[in-house]
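Analysis of the macromolecular model
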Amino acid sequence: MTTNAPQPSAAIPRSAATGAAIRPRPCPVCGGVDRATVLHLHATPLGDLLCEQSSRAVGLPAYPLDLALCTSCGHLHLPSVVAPEESYSNYHFHTGASPGLAPSMRALAEELWRTIEGRAGELVLDIGSNDGTWLAGFAALGARVQGVEPAAGQAQRAAAAGVTTINDYFSASLAGALKDDGLRPRLITANYVAANIPDVDDFFAGLRTICPAEGRVALLTGYHPDQFAVAMFDYAYHEHVSYFTVRDVHNLCLRHGFRIDWARRVPLKGGSLLAVLAPESAPEAPEHVRRMLQFEDWLGVRTHGYFAALNARLATASERLHGLLTALGPSAAGMRTLPGYGMSHSVTTLVYQFELSEHLAFLVDDNPRRQGLFSPGLGLAVRDPSVLITEQHPSCLVLAWQHDERIIERLRVSGWTGTAIIPLPDPHLIRIQ
Ligand SMILES: [Zn+2]
């Protein structure tokens, strides 16, 4: 199989430090070029680009992180993207060792298989299949499975576990080759993949090519109307180049000869959208989908007023958080003595946007593969959470606040005593004794 990974154009300026290219692009849903910035976030380096040397981490270039609304169709997106070969070069940090499919994802796989009335021996094709764990869930239901995964290490792990995997980016040309090879998937899945793809037209063209008349496409993607409702703005980072609403998926279906068969909101990652598409044109969406479109209109997710309110909420939260840190005294405020819990893309967005670096001494993270490395841009050491106890730190800023319940429980069980600071949705303190 040939490599279909997008190649950077020679005409595009590249960063001297990393070789990364920034590419401007039209609206990925409608092709429009007029847009307005509605969420201006501070420029950051690629959010999960951990480095082995602090000096290299500090020297990483920062890229703009402005979210814009398309003037024509209202799609929220990054108007310029960092070349994917740079984004994915560090991909092995994105997923840790996965002991098995999380129960919520297993339930989702079973729901999909049941809903499409999948039968034993029918094929499931997963795009962005990682280490094959999701597909193994379908194999357990009796399906044949095939993965497509651009990260070589993950593709090798999947193959070693018995999940046939093509090490490549999914594209229209790859889809054509697979179709020529006789692949007829009953179900095509893409979990948290569509938002990361710069060329959505090519992605949908590929889906349309490979999806037979009886097939279905299941897209699972972050749903910012629910995420932003809990101030989860830090889901925005450079790898997330598109932020899809039901309206966007409906518009893409109209453009590419699909219809939304059914869709629902899913309580994963602070809010996600599951949309199942059928390969046929239909101007009208089903009634339950029309209600979802109406819900989005009521929220005003494509209006400037919606984002003005979000900006105001974030500014208030940042101010209150700095107030809490000041009240805690020198162990937390302004002395760079405060540990931060968590290291991820989202943490980078949060730390830069709320200007928390003046307080942070280092980070801790549960993933051993991150420990011993340095955070992008700020060069903060990532350490084992046990240092909170051995060094007797009196407070800790929970940067991975989306997982605050799990982190607080882990801190309690570890025997640490002190003050945990939760930055969002509303900044507050939790005393652990
Ligand atoms: Zn558009």
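Residue indices follow the written sequence of each chain, beginning from 1 at its first position. At least 70 in pLDDT is required for a residue's local features to be given in this predicted model, at least 80 for side-chain atom pairs to be given and counted, and no such filter applies to totals for whole chains, interfaces and linings, which use all residues.

**Overview of the overall build of the chain**
In terms of helices and strands, the chain carries 14 helices and 19 strands. Throughout, the radius of gyration refers to the C-alpha atoms, and the reference size of a globule is 2.2 Å times the residue count to the power 0.38. For 433 residues, the compact-globule estimate of 2.2 N^0.38 gives 22 Å, and the C-alpha radius of gyration of the chain, at 22 Å, lies within 12% of that figure. The C-alpha extent of the chain, read off along each of the three principal axes, is 65 × 50 × 45 Å. Out of the 433 residues in the chain, the part that is buried amounts to 44%. Here, residues touch in the contact sense if the C-beta positions derived from the backbone fall within 7 Å of one another. The long-range share in the chain, meaning contacts at least 24 apart out of those at least 6 apart in sequence, stands at 69%. For helices the rule is a DSSP run of H or I covering at least 4 residues; for strands it is a run of E covering at least 2, with both sets numbered from the N terminus onward. Each residue is classed by its C-beta neighbour count within 10 Å, where at least 20 other C-beta atoms makes it buried, 12 or fewer makes it exposed, and intermediate counts make it partly exposed; the C-beta atoms are placed from backbone geometry.

**Brief notes about the nonpolar core**
To define a nonpolar core, we join buried Ala, Val, Leu, Ile, Met, Phe, Trp, Tyr and Cys residues through C-beta atoms within 7 Å and take the resulting set. Counting residues in each nonpolar core, the largest one holds 113 residues, and the members touching the most others are I188, L219, V398 and L399. Ranked by residues supplied to this core, first place goes to helix 7 (residues 200-210) with 5 residues.

**Focus on the sheet that holds strand 16 (residues 382-383)**
The mixed open sheet is built from 6 strands, whose spatial order is 16-15-14-17-18-19. If you trace the sheet from one side to the other, it starts and ends with strand 16 and strand 19 (428-432), each paired once. Inspection of the sheet shows strand 14 (residues 338-341) paired to strand 17 (residues 395-398) by 2 bridges, in the parallel sense. Each bridged residue has a counterpart across the sheet, and for Y341 the counterpart in strand 17 is V398. Here, a strand pair is defined by DSSP locating no fewer than two bridges between the strands.

**Here's the deal with the sheet that holds strand 11 (residues 242-243)**
Strands belonging to one sheet form pairs held by backbone hydrogen bonds; the direction of such a pair is parallel or antiparallel. Taken together, the 4 strands give an open sheet; going across it, the order is 2-3-4-11, and neighbouring strands pair in antiparallel fashion. One side of each edge strand has no neighbouring strand; the edge strands of this open sheet are strand 2 (35-44) and strand 11. When strand 2 meets strand 3 (residues 63-70), the two strands line up antiparallel, connected through 7 bridges. Across the sheet, R35 pairs through a bridge with C70, a residue of strand 3.

**A look at the pairing of strand 7 (residues 144-148)**
In the case of a regular strand, side chains alternate between the two sheet surfaces. Of all 5 residues in strand 7, 4 are buried; the element is thus mostly enclosed. Of the strand pairs in this sheet, strand 6 (residues 123-127) and strand 7 are connected by 5 bridges, and their pairing is parallel. Of the residues in strand 7, the one forming a bridge with D126 is G147. For the handedness criterion, the strands are oriented away from the viewer, and a crossover whose path from the first strand over the helix to the second runs clockwise is classed as right-handed. Taken together, strand 6, helix 4 (residues 133-140) and strand 7 constitute a β-α-β crossover, and its handedness is right-handed. Pairing of strand 7 with strand 8 (residues 165-166) involves 2 bridges; the strand directions are parallel. Within strand 8, the position partnered with G147 by the bridge is T165. With respect to chirality, the unit in which strand 7 leads through helix 5 (residues 152-160) into the neighbouring parallel strand 8 is right-handed.

**Points about the domain arrangement of the chain**
When the domains of the chain are assigned, the result is domain 1 (103-304) and domain 2 (323-432). What marks off one domain from the next here is an automatic or database domain assignment. Taking only C-alpha atoms, the centre of domain 1 and the centre of domain 2 are 34 Å apart. Each residue receives one of three labels: charged for Asp, Glu, Lys and Arg, nonpolar for Ala, Val, Leu, Ile, Met, Phe, Trp, Tyr, Cys and Pro, and polar for the others, Gly being one of them. Tallied by class, residues from the side of domain 1 that touches domain 2 come to 6 nonpolar, 1 polar and 2 charged.

**Things to note about the pairing of strand 14**
Burial of strand 14 is two-sided: the residues L338 and G340 facing one way and the residues P339 and Y341 facing the other way are all buried. Sheet analysis places strand 14 next to strand 15 (residues 360-364), joined by 4 bridges and oriented parallel. Bridge pairing links P339 to F362 in strand 15. Between the parallel pair strand 14 and strand 15, the chain is carried across by helix 12 (residues 345-353), and the sense of this crossover is right-handed.

**Observations concerning the packing of helix 9 (residues 246-256) against helix 10 (residues 287-299)**
Axis definition: a line fitted to C-alpha atoms, over the contacting stretch in the case of helices. Angles run 0 to 180 degrees between N-to-C directions. The contact between helix 9 and helix 10 brings their axes to 9 Å, and the two run at 125°. Taken together, the axis directions place helix 9 and helix 10 in an arrangement best described as oblique. Contacts between helix 9 and helix 10 involve V246, R247 and H250 from the former and V289, M292, L293 and E296 from the latter. Oblique is the label for any angle not under 35 degrees, not over 145, and not in the 65 to 115 range, which are roughly parallel, roughly antiparallel and roughly perpendicular in turn.

**Let's talk about helix 7**
Here helix 7 has its buried residues at V200, D202, F203, F204, G206, L207 and I210. The secondary structure elements touched by the buried residues of helix 7 are helix 6 (172-180), strand 9 (187-191), strand 10 (216-222), strand 11 and helix 9.

**Things to note about helix 12**
Of all 9 residues making up helix 12, 8 are buried, and the element is well covered by its neighbours. Those residues of helix 12 not exposed but buried are H345, S346, V347, T348, T349, L350, V351 and Y352. Contact partners of the buried residues in helix 12: strand 2. Where helix 12 terminates, the next one or two residues include E355, which has phi positive at roughly 50°.

**Let's talk about the environment of V82**
Turning to its location among the elements, V82 is positioned in strand 5 (residues 80-82). Through-space distance from the C-alpha of V82 to that of V241 is 9.1 Å; in sequence the pair is 159 residues apart.

**Side note on the confidence of the model for the chain**
Values of pLDDT, which run from 0 to 100, indicate the predictor's confidence residue by residue. Mean pLDDT over the chain: 90, with 91% of residues reaching 70 or higher. The low-confidence segment residues 1-19 (pLDDT under 50) makes 30 contacts with residues lying over four places distant or belonging to another chain. In the predicted structure, residues 89-99 sits below a pLDDT of 50 and forms 17 contacts with residues beyond four places in sequence or in another chain.

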